[in-house]
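# Chain and residue survey
For reference, the chains in residue letters:
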Amino acid sequence: MLAQKLARSLSSRSASSPRMRFLNSSCSNGSNAAGSSIAGSVGVVGGAARPGPGRDGVAPSAPSPSSSSPVRRFSAKSHSWIPDVGLDTDVVHGGVVPDEKTGAILTPVYLSTTFVQESVDKYLDKGYSYSRTNNPTVKMLEEKVAKIENGHDSICVSTGMAATASCINAFMNAGDHCVITNCSYGGTNRICREQFVPLGMEFSFVDFTDPSIVEKAIQPNTKLIFSESPTNPTLTLADLDAISDVAKRHGLLHVCDSTFATPYVCRPLDHGADLTIQSLTKYYDGLNIGTGGALVAKTPELYERIKLVQNMHGNIMSPMTAFLMLQTMKTMGLRIRRQSESAMKIATFLEGHPQVSKVVYPGLASHPQKELADRQHRDNLHGGMLWFDVKGDPIKLMDVVKRPWTLCENLGAAESIITACAVMTHANMIREDRLKVGITDGFIRISVGIEDADDLIRGLDDALGQL
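Computed from a predicted model, the values in this text were never measured in an experiment.

### A look at the overall build of the protein chain
Each helix and strand in the protein chain was counted, giving 16 helices and 12 strands. The buried share among the 467 residues of the protein chain stands at 57%. For the protein chain, restricting intrachain contacts to residue pairs at least 6 apart in sequence, the fraction spanning at least 24 positions comes to 74%. As displayed, the protein chain offers around 18,400 Å² of accessible surface, 55% of which is attributable to carbon and sulfur atoms.

### Comments concerning the nonpolar core
Ranked by size, the top nonpolar core spans 81 residues in total, and within it Leu141, Ile346, Leu350, Leu386, Phe388 and Ile446 carry the most contacts. Leave out the neighbours within four places in its chain, and Ile446 touches Ile346, Leu350, Gly384, Met385, Leu386, Phe388, Trp405, Ile417, Ile418 and Leu460. Membership of the second largest hydrophobic core comes to 28 residues, among which are Val157, Ala162, Ala170 and Ala297.

### Observations regarding the state of the cysteines
One pass over the full model with this rule turns up 0 disulfides. Looking at the unpaired Cys266, the closest cysteine sulfur is the one in Cys256, lying at 6.7 Å. Cys266 gets classed as buried once you look at its relative accessible area, which sits at 2%.

### Regarding the sheet that holds strand 9 (residues 385–390)
Strand order in the open sheet formed by 5 strands is 8-9-12-11-10, and the pairing between neighbours is mixed. Among the strands making up the open sheet, the edge pair consists of strand 8 (356–360) and strand 10 (406–407). Lying on the sheet, helix 12 (residues 332–351) is in contact with strand 8, strand 9 and strand 12 (443–447); it crosses strand 9 at an angle near 15 degrees.

### Let's talk about the pattern of salt bridges
Scanning all chains against the criterion turns up 18 salt bridges. Across the salt bridge formed by Lys139 and Asp153, the nearest N and O atoms sit 2.9 Å from each other. Here Lys139, found in helix 4 (residues 136–148), pairs with Asp153, found in strand 1 (residues 153–157); they are 14 residues apart in sequence, far enough to count as distant. Of the two residues examined, Lys139 and Asp153, each falls in the buried class. Of the charged contacts, one joins Arg375 and Glu371 as a salt bridge, the two residues approaching to 2.9 Å between their closest N and O atoms.

### Some details on the environment of Gln219
Summarising the element assignment, Gln219 is placed in the loop between helix 7 (211–216) and strand 4 (222–228). At 3.4 Å, the side chain of Gln219 forms a polar contact with the side chain of His177.

### Re helix 6 (residues 186–196)
Looking only at helix 6, the buried set comprises Gly186, Gly187, Thr188, Asn189, Ile191, Cys192 and Phe196. Against helix 5 (160–171), strand 2 (177–181), strand 3 (202–206) and strand 4 lie the buried residues of helix 6.

### Some remarks on the packing of aromatic side chains
Applying the stated criterion across every chain, the model contains 3 aromatic pairs. Centroid distance Phe115 to Tyr128: 5.6 Å. Interplanar angle 45 degrees. Geometry classified as tilted. Within this pair, whereas Phe115 is found in the loop between helix 3 (87–92) and helix 4, its partner Tyr128 is found in the loop between helix 3 and helix 4, the two being separated by 13 residues in sequence. Side by side, Phe115 and Tyr128 carry an identical accessibility label, which is buried. Ring centres 4.1 Å apart and planes at 15 degrees place the aromatic pair Trp387 and Phe443 in the stacked group. Taken together, the residues span a long stretch of sequence, with Trp387 in strand 9 and Phe443 in strand 12 at a distance of 56 residues.

### Re the environment of Gln376
You can see Gln376 is positioned in helix 13 (residues 370–376). Residues Gln376 and Val265, spaced 111 residues apart in sequence, show a C-alpha to C-alpha distance of 8.2 Å. Filtering out sequence-adjacent residues up to four positions away, Gln376 remains in contact with Ser229, Ala238, Asp239, Leu240, Asp241, Val265, Cys266 and His271.

### Looking at unusual backbone geometry
Of note, the bond from Asn232 into Pro233 is cis; its omega dihedral lies within 30 degrees of zero at 10 degrees. Omega for the bond connecting Arg403 with Pro404 falls within 30 degrees of zero, at 25 degrees, which places this linkage in the cis form.

### Structural notes on the pairing of strand 12
Burial runs high along strand 12: 5 of the 5 residues are buried. Residues of strand 12 alternate between two faces, with Phe443, Arg445 and Ser447 on one and Ile444 and Ile446 on the opposite face, all of them buried. In this sheet, strand 12 lies alongside strand 9 in antiparallel orientation, the contact comprising 5 bridges. Within strand 12, the residue paired with Trp387 across the bridge is Arg445. Strand direction decides the pairing type here: strand 11 (residues 417–420) and strand 12, joined by 4 bridges, are antiparallel. What sits directly across from Ala420, in strand 12, is Ile444.

### Side note on the side chain of Ser416
Tracing the backbone through its elements, the reader meets Ser416 in the loop between strand 10 and strand 11. The class of Ser416 is buried, set by a relative accessible area of 0%. Not counting residues within four places of it along the chain, the set of residues in contact with Ser416 comprises Pro404, Trp405, Thr406, Ser447, Val448, Gly449, Glu451 and Leu456.

### Brief notes about helix 5
Over its 12 residues, helix 5 extends 17 Å from the first C-alpha to the last, a length consistent with the 16 Å expected when each residue adds 1.5 Å. Most of helix 5 sits inside the fold, with 10 of its 12 residues counted as buried. The complete set of buried residues in helix 5 reads Gly160, Ala162, Ala163, Thr164, Ala165, Ser166, Cys167, Ile168, Ala170 and Phe171. Backbone nitrogen of Met161 and a side-chain oxygen of the N-cap are separated by 3.4 Å at the start of helix 5; the cap is Thr159.

### Quick notes on the sheet that holds strand 3
Think of a sheet as strands paired side by side through backbone hydrogen bonds, with each pair either parallel or antiparallel. Pairing in this open sheet of 7 strands is mixed, and the strands run 1-7-6-5-4-2-3 from one edge to the other. The open sheet has two edge strands, strand 1 and strand 3, and neither has a second partner. Geometrically, the sheet is characterised by an average inter-axis angle of 20 degrees between neighbouring strands, direction not taken into account. As judged from the 3 bridges shared by strand 5 (residues 253–257) and strand 6 (residues 275–279), these two strands associate in the parallel manner. Looking at strand 6, one finds that Asp257 is bridged to Ile277. Across the face of the sheet, helix 4 comes into contact with strand 1 and strand 7 (293–297) while running at roughly 125 degrees to strand 1. Here helix 8 (residues 240–249) sits on the sheet and contacts strand 4 and strand 5; the angle it forms with strand 5, its principal contact strand, is near 150 degrees.

Procedures and definitions
- Residues numbered from 1 in each chain as written.
- Predicted model: local features only at pLDDT ≥ 70, side-chain atom pairs only at ≥ 80, totals over all residues.
- Heavy atoms only, no water.
- Helix = DSSP H or I, 4+ residues; strand = E, 2+ residues; numbered from the N terminus.
- Buried < 20%, exposed > 50% of the residue type's maximum accessible area, 1.4 Å probe, protein only.
- Contact = heavy atoms within 4.5 Å.
- Areas by Shrake-Rupley, 256 points an atom, 1.4 Å probe, with all protein chains shown as cover.
- Core = buried A, V, L, I, M, F, W, Y, C linked by side-chain atoms within 4.5 Å.
- Disulfide = S-S within 2.5 Å.
- Pairing = 2+ DSSP bridges.
- Axes fitted to C-alpha atoms, helices over the stretch in contact; angles between N-to-C directions.
- Salt bridge = Lys/Arg side-chain N within 4 Å of Asp/Glu carboxyl O.
- Polar contact = N/O pair within 3.5 Å; in protein donor to acceptor, adjacent residues only side chain to side chain.
- Phe/Tyr/Trp six-rings, centres within 6.5 Å; stacked < 30°, edge-to-face > 60°.
- Expected span 1.5 Å × (residues − 1).

See the structure below:
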């Protein structure tokens, strides 16, 4: 009798059924891997559907998605939205609809490890089984991030470094080679050298300001091209269109860490990249509240692969963190516009200061890649990050600078942050490598917040006057 029941249950699960697509997919244990939306399942538990695709809404200089874009279209509730909403609207709403049971305007926090199934035959009919794989709150953030980055879908993980590790783990094996920028976030450089090289992977750290150098570094075993634009902390830019063309000619994947840019300044997927990395801790959060990272995939196939890796590693974001980021990211556009405006004022001030030998900001006419910055960055926004080299003691500058400047490690927040990279964020880099890419001992990185720009200038002027 039991054998007959099992046979009937299994025979009802055709290869095309939702349950079998799930069980056969790379995203076992709860993920709806075939690219289905949270809109189709979370409505039962108070989730959300996205409105239709929005217009660019930021700058005419950036390419808009083509009709062949792999971005998924969502129909549920879309009839109640005006068409062609802008990026600022998507960042606030991102397809979130009021809870069907209560009318709550915010996506609820689902602090549940597991999800009850009605029966074996209806296993995963509601889309969720276990929060290591999928959680309704986290899934809403993943879809919202993918939407504003113009991707198919994304995984949201615990930190930006977790997103970077997930990418390399997903697309490289022992014996594979990666062409990577020679000036990246210090943690990226370290994990490549300290973890992945001993596992048999190879990395060529090269200058990404020249796409021909990137192409010359490609080897027969190359699998991945890893760019970062703007780079942390030197603010050099990569011509993403040109590097994506190089990747396509050689059948390689191109991933870009766009943390400094955010989707408001540049969306790598619009420029031919296959994957985008974001440290959500920075501008998405923007309030120094939580940590998180995202890896955004351009196609369903790439998404299935990164989702599998996330599920195997158990590399997840907590529902509470996802809920908070769903709220903080709503003001990202307001913050970035203010931060970009203030950064330009501060950079201009520093260029004329006698204790400063060099200032680098993509908005300055003196930036060596100003033409590329104007072409690749949207709406004349160049972000809130800049750096300068002091003629005096950088440690003393850190010790005497007054509030509202804050001495700490982070960036992209509402609070303005000042950092001596050689002894803080990039202390793990080999000194020779650090100097080679321009991170001198007197290198000062600042992340401009949303305070009064004149107050920030007065604080810097006071500290520089004490050197």
